[in-house]
Each structure stands twice: as structure tokens, then as C-alpha cells.
Amino acid sequence: MRIEGFRPQLDAVALQDLRQRLARSRVLPTDTDAWERGAPEHWLAQLVADWQAFDTGEFQSLLDEFSHMRAHVGELDVHVLHQAGAGPSPLPLMLTHGWPGSFCEFLRLIPLLSDPASHGGDAADAFTVVVPSLPGFGFSGPPPPGGLTASAVADVWNEIMVDGCRYDQYVAHGSDLGAGVTARLARKHPETVVGIHLATPGLAPPPKPWSESEAKFFGEVEAWTAEEGGYAHLHATKPFTLGAALHDSPAGLGAWIGEKVRAWSSFGTDGEPAFARDLLLATLTLYWATGTIASSLLPYWAHRHTRDDSLSAGDPAATPTSVSIFGGERVPFPKPPRELAERYFSVTSWAEHERGGHFPAVSEPQLLAVTLRDAFRPFRASR
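Since we're looking at a predicted model, the values are computed, not measured.

**A word on the overall build of the protein**
Okay, step 1: In terms of helices and strands, the protein carries 16 helices and nine strands.
Okay, step 2: Here the C-alpha radius of gyration of the protein, 20 Å, is about what a compact globule of 383 residues would show, namely 21 Å.
Okay, step 3: Within the protein, buried positions represent 55% of all 383 residues.
Okay, step 4: Contacts in the protein between residues at least 24 apart in sequence constitute 79% of all its contacts with a sequence separation of at least 6.
Okay, step 5: Just so you have it, the protein exposes about 16,300 Å², and 52% of that area is on carbon and sulfur atoms.
Okay, step 6: Of the side chains in the protein, 30 bear a positive and 45 a negative charge, and the two mean positions are spaced by 3 Å.

See below:
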């Protein structure tokens, strides 16, 4: 384990190539502006135009506002954003993103957590925030062939926090793929991970019998998967075939990621996704400039092709677990019942919100900040 300072930089050659490819984009003609068959022509053409006008220099300046490190863990190189807390005794907090996200989805949330006194909160609730980029995402190096399971990533994360950052104990939050990693942190490293928070976690079917609410939930999951889950099946079965297309075409990359961002976001009062356009463009630019879209698909492959990667039901981890169920997406996700979560976790708090969607750090950063402060306040007394 070795950690060193690091300045993440957008590759100038890749950005120049991006501008040229965007200018030559062939946007697929469609016969509708509806979304039932995927990204429509008018929306995608506007996204390409907005991407051409995107200020990458301003994005680079935003990245430079934060403190970054590179952690060398065995053969892995992991980009880590590390923001010191401004308070009397900041609690170390690890945040883990998912797909098609990145560490960028936490950039508005981080100041609320690291310096709460400057944002209407109490300095006593300050966190030192640690945000690693998943292997194969963004400025992190590639994973091993075939990718890493959530369980393997959890081991790497704990090593970064304990051996690299020298934290004896810490708390953790995750959503999407990050929720899977965070769940395994609690199960595998209870001596150092004293509490976790999960945002709308995905939960596998436990052995039957199921309760009525559990049966209803899994019926909804089956229907959602049939209509909306094709992306995950493709990621898990032919990631390099899809990756070849997305790696070569900015318009294709924008359609693949942009459609999910729009479908999975909650919506504002203006009827638009509560996911800022500049953040979407920054996310697309990050994937393109680092050439990591294909490797970002590998967690799905690793999960499908690794035995015993799922959490076991009926043996909940002892680590106190707070769960928030966020809603309001254009394409609603099935919402798991608490009793199902209690098969896997020691649930200490449970909240359901009609807003926040799949990206609560983006859509509702203030709500998520307050949620995390409340969830982890009990663990400060022992520090």
C-alpha cells in the first residue's frame, strides 16, 4: 500500500479527438421524440451540440478545487478524492459511486459534509470525506482481467482507509454499485466499518417462503428487468462488444449514459431531470478522456461470473445500517420492503422519500447530507 499526491488531468489529445468526433457525429434519425425506444433524435442532437460547447477548462478548474490522491494497492492504482473535515473531530466517511456515475456526482455533496458550519449545519457533524473511483472508472487504473466483484473492491477500500489513510474506524455510504461495495464493507470489515448508509440498495431474492410484500417486490423487479434491464444483461455478457462501440463514438456514449441518467433521475419543477446538464457533460467527458467506458462495465461481468458474490440472507451483518429509499425517477425503480432488508442487514433506521431518484447526491444533496449527519452522529460519541 502506497499513497501519493495526485492531480487528475484531462488528456489534451483525447479532448481534441473528442471535439473532432463530435463535429462529425451521425445522430440516428428517429420518428418520434418519445423515449420508449431509447434516446430520440432531437434530444441526442442537442446533447451533442451542448457537449461541443462544454468548457473543459472550467471542468478542470473544478477538479483542482479538491484534494486528490493516488493509492497503489497491489497491482491496482486507485484515484481517491480526499477532503479534510472542518470541525473539532471530523469522522472519516467513505462514499462509493456506481454506474454510470463517477466521483463527480459527489462534488456538490462533499462541501456540505466536510464543512457543515458553512452550509447551515453544525461543525461537530463534520466528516473527512474519502471518495475513491471504482477500478476501471475515470482516473483509477484498470481492474484485473474480468473486473472485480463488490466483495473484492470492499477489501481494497478497507486497505485504503486503514493502511493508507490510517483511520482505525470509519463509516461508509454507497448507492447503485457503491451500495453493493458498502454492504460488503460492513460484512467483511466490521472491526473498522462502524456504520453504513445505503441508498435504495438492490437486494437479491432470499430463499422462500417470502412475505406478501417481498413477493410483490420481486414481481415488480421481474417486470422492471424485462422492460429496463437489457443494459445490465449486455454489460454482464458482452461488455467488450458494447464497449467497442461506446469507446469509438461520443454520440453513442452520450446516448447510452444520457438515457440512463434521464430515466433514473428524479425531476425538478421545470419537468427536467434534477441532474445538471454540466454534470452530465462532465461525466461523459471523464469517461471519454480516460477511455474507461468499457472497463466500467466489468463489475456486471464479474458479478455474473463469480460464484458466491451475492450477500447471504438470514445472517445479517452486525454493523448498524441506515437505509434511505429514494424515488421520483422517470422510470421508477421497485422499492424494497424493510423486512427484506432486515434479512441482510441490522437496520437501525429506514426512511422513504418521494424525491432523490437514483442519484440522490446530485438531485438532493442537502437531503442526503442531513441524512448522513443524522445516521452517523451516534458513532461520534466514542471518538
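**What about the nonpolar core?**
Okay, step 1: The biggest cluster of nonpolar side chains holds 114 residues, and the ones touching the most others in it are Trp99 and Trp157.
Okay, step 2: For this core, the element with the highest residue contribution is helix 11 (residues 277-290), accounting for nine residues.
Okay, step 3: The residues touching Trp157, leaving out its near neighbours within four places in the chain, are Val78, Met94, Thr96, Pro132, Ser133, Leu134, Pro135, Tyr170, Val181 and Leu185.

**Some words on the packing of helix 10 (residues 250-264) against helix 11**
Okay, step 1: Put simply, helix 10 and helix 11 touch, their axes get as near as 10 Å, and they point 135 degrees apart. Considering their axes alone, helix 10 and helix 11 lie oblique with respect to each other. Where helix 10 crosses over helix 11, the two elements pack in a sense that is right-handed. Seen from helix 10, the contacting residues are Pro250, Leu253, Gly254, Ile257, Gly258 and Val261; seen from helix 11, they are Leu280, Leu284, Tyr287 and Trp288.
Okay, step 2: Across the contact of helix 10 with helix 11, the residue classes break down as eight nonpolar, two polar and no charged.

**Observations regarding helix 9 (residues 239-248)**
Okay, step 1: Those residues of helix 9 that sit buried are Pro239, Leu242, Gly243 and Leu246. Buried residues of helix 9, seen end-on, are gathered within an arc of 100 degrees and therefore sit on one face of the element. Structural note: helix 9 exposes Phe240 and Thr241 on the side pointing more than 90 degrees away from its buried face.
Okay, step 2: On the buried face of helix 9, the contacting elements are helix 8 (230-237), helix 10, helix 11, helix 12 (293-296) and helix 13 (298-304).

**Quick word on the packing of aromatic side chains**
Okay, step 1: For the coordinates displayed, the defined rule picks out 17 aromatic pairs.
Okay, step 2: Look at Phe127 and Phe376: their rings are 6.2 Å apart centre to centre, the planes differ by 80 degrees, and that puts the pair in the edge-to-face class. Placement of the pair is Phe127 in strand 5 (residues 127-132) and Phe376 in helix 16 (residues 365-376), with a sequence separation of 249 residues.
Okay, step 3: Since its relative accessible area comes to 1%, Phe376 is described here as buried.
Okay, step 4: With 5.2 Å between their ring centres and 65 degrees between their planes, Tyr231 and Trp264 make a pair best called edge-to-face.

**A few points about the pattern of salt bridges**
Okay, step 1: One pass over the full model with this rule turns up 17 salt bridges.
Okay, step 2: For Arg37, the salt bridge identified is with Asp31, shortest N-O distance 3.0 Å. The pair formed by Arg37 and Asp31 is uniform in burial state, with each residue classed as exposed.
Okay, step 3: Taking the shortest distance from any N to any O, the salt bridge between Asp125 and Arg377 comes out at 2.9 Å. In this pair, Asp125 sits in the loop between helix 4 (109-114) and strand 5 while Arg377 sits in the segment after helix 16, placing the two residues 252 residues apart along the sequence.
Okay, step 4: Taking relative accessible area as the criterion, Asp125 reaches 8% and is therefore assigned buried.
Okay, step 5: Arg377 gets classed as partly exposed once you look at its relative accessible area, which sits at 37%.
Okay, step 6: By sharing partners, the salt bridges in this structure join Asp125, Asp374, Arg377 and Arg380 into a single network.

**Considering the sheet that holds strand 9 (residues 345-356)**
Within a beta sheet, neighbouring strands are joined by backbone hydrogen bonds and run either parallel or antiparallel to one another.
Okay, step 1: Reading across the sheet, the nine strands line up as 1-2-3-5-4-6-7-8-9 and stay open at both edges, with mixed pairing between neighbours. Each edge of the open sheet is held by one strand with a lone partner, namely strand 1 (2-5) and strand 9. For this sheet, the mean angle separating the axes of adjacent strands, direction not counted, is 25 degrees.
Okay, step 2: As defined by bridge partners, strand 8 (residues 317-327) adjoins strand 9 across eight bridges and the pair is classed as parallel. Across the sheet, Ala317 pairs through a bridge with Phe345, a residue of strand 9.
Okay, step 3: Helix 6 (residues 177-188) rests against strand 4 (91-96), strand 6 (170-175), strand 7 (193-199), strand 8 and strand 9 of the sheet, and its axis sits at about 150 degrees to strand 6.
Okay, step 4: Seen against the sheet, helix 16 touches strand 4, strand 5, strand 6, strand 7, strand 8 and strand 9 and runs at an angle of roughly 150 degrees to strand 7.

**Some points on helix 11**
Okay, step 1: The first and last C-alpha atoms of helix 11 sit 20 Å apart over 14 residues, in line with the 20 Å expected at 1.5 Å per residue.
Okay, step 2: Across the 14 residues of helix 11, 11 count as buried, placing the element largely inside the fold.
Okay, step 3: Buried residues of helix 11: Leu279, Leu280, Leu281, Ala282, Thr283, Leu284, Thr285, Leu286, Tyr287, Trp288 and Ala289, and no others.
Okay, step 4: Taken from the residues just after helix 11, Gly291 is the one with a positive phi, measuring 60 degrees.

**A few points about unusual backbone geometry**
Okay, step 1: Residue Pro100 follows Trp99 across a cis peptide bond; omega there is 5 degrees.
Okay, step 2: Inspection of the secondary structure assignment puts Pro100 in the loop between strand 4 and helix 4.
Okay, step 3: Residue Pro209 follows Lys208 across a cis peptide bond; omega there is 15 degrees.
Okay, step 4: Within the secondary structure, Pro209 is located in the loop between strand 7 and helix 7 (212-228).
Okay, step 5: You will see that Asp176, though not glycine, has its phi angle at about 55 degrees, which is positive.
Okay, step 6: With respect to the helices and strands, the residue Asp176 is situated in the loop between strand 6 and helix 6.
Okay, step 7: On the basis of relative accessible area, Asp176 is assigned to the partly exposed category, the value being 23%.
Okay, step 8: Phi is positive for Thr200, close to 40 degrees, though the residue is something other than glycine.
Okay, step 9: Mapping Thr200 onto the fold places it in the loop between strand 7 and helix 7.
Okay, step 10: The exposure class assigned to Thr200 is buried, which follows from its relative accessible area of 18%.

The rules behind these values
- Residues numbered from 1 in each chain as written.
- Predicted model: local features only at pLDDT ≥ 70, side-chain atom pairs only at ≥ 80, totals over all residues.
- Heavy atoms only, no water.
- Helix = DSSP H or I, 4+ residues; strand = E, 2+ residues; numbered from the N terminus.
- Rg over C-alpha atoms; globule rule 2.2 N^0.38 Å.
- Buried < 20%, exposed > 50% of the residue type's maximum accessible area, 1.4 Å probe, protein only.
- Contact = heavy atoms within 4.5 Å.
- Areas by Shrake-Rupley, 256 points an atom, 1.4 Å probe, with all protein chains shown as cover.
- Lys, Arg positive; Asp, Glu negative; His and termini not counted.
- Charge placed at Lys NZ, Arg CZ, Asp CG, Glu CD.
- Core = buried A, V, L, I, M, F, W, Y, C linked by side-chain atoms within 4.5 Å.
- Axes fitted to C-alpha atoms, helices over the stretch in contact; angles between N-to-C directions.
- Parallel < 35°, antiparallel > 145°, perpendicular 65-115°, else oblique.
- Left-handed = near helix turned anticlockwise from the far one by under 90°.
- Nonpolar A, V, L, I, M, F, W, Y, C, P; charged D, E, K, R; others polar.
- Arc of directions from axis to C-beta.
- Phe/Tyr/Trp six-rings, centres within 6.5 Å; stacked < 30°, edge-to-face > 60°.
- Salt bridge = Lys/Arg side-chain N within 4 Å of Asp/Glu carboxyl O.
- Pairing = 2+ DSSP bridges.
- Expected span 1.5 Å × (residues − 1).

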